[in-house]
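The residues making up each chain are set out below.
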Amino acid sequence: MGHVTYDIVEHDGGYAYKVGDVFSETFPTHQAAHEAAEAAARRQQIGGRDEAIQYQDSKGRWHEEQADGGDRPETDVEDDLRD
């Protein structure tokens, strides 16, 4: 099981949450971005069915594996911005 952190950041003239190097859509307010990050973090905790998945790695190779639907990461929201 891994860990996912949602960081609240200023982005494109507004605010967004970011996981690693990936940004969410831009929200007009800091509060809206924070609430969206909290909702995304909650959804990340919901388990599902085991599934066969395919994904492409950074070198362009495709992989197939069985994903455990109950293996959910821990999540948190980090927000160092001030309103």
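This text goes with the structure placed above it.
All residue numbers refer to positions counted from 1 along the written sequence of the respective chain. Two thresholds apply to this predicted model, a pLDDT of at least 70 for residue-level local features and 80 or more for giving and counting side-chain atom pairs, whereas whole-chain, interface and lining totals are computed over all residues. Excluded from the side-chain calculation are hydrogens and water; included are all heavy atoms of the structure.

J.: What exactly am I supposed to notice about the pattern of salt bridges here?
T.: Where charged atoms from two side chains of opposite charge come close, those side chains can pair. For this analysis, a salt bridge means a side-chain nitrogen from Lys or Arg found within 4 Å of a carboxyl oxygen belonging to Asp or Glu. For the structure on display, the rule yields two salt bridges. Its salt-bridge partner being Arg49, residue Glu51 comes within 2.8 Å of it at the nearest N-O pair. Given a relative accessible area of 34%, Glu51 falls into the partly exposed group. Overall, the relative accessible area of 65% leaves Arg49 in the exposed class. Note that Asp57 and Arg61 form a salt bridge whose closest N and O atoms lie 3.3 Å from each other. Overall, Asp57 belongs to the partly exposed group, its relative accessible area being 21%. Think of it in three bands: residues with accessible area under 20% of the maximum for their type are buried, residues over 50% are exposed, and the middle band is partly exposed, with areas taken using a 1.4 Å probe on protein chains only.

J.: Explain the side chain of His11 here, please?
T.: Locating His11 in the fold gives a position in strand S1 (residues 3-11). Residue class for His11 comes out buried when judged on its relative accessible area of 19%. Here a polar contact is taken to be a pair of N or O atoms separated by no more than 3.5 Å, where protein atoms must pair a possible hydrogen donor with a possible acceptor and residues adjacent in sequence count only if both atoms sit in side chains. Looking at His11, its side chain comes within polar contact range of the side chain of Asp12, at 3.3 Å. For His11, the residues in contact, after removing those within four places along its chain, are Ala16, Phe23, Ser24 and Thr26. Labels follow the DSSP assignment, with helices taken as runs of H or I lasting at least four residues and strands as runs of E lasting at least two, numbered in each case from the N terminus. In what follows, residue pairs with any heavy atoms lying within 4.5 Å of each other are defined as contacts.

Without other data, these values stay purely geometric and don't point to any function.
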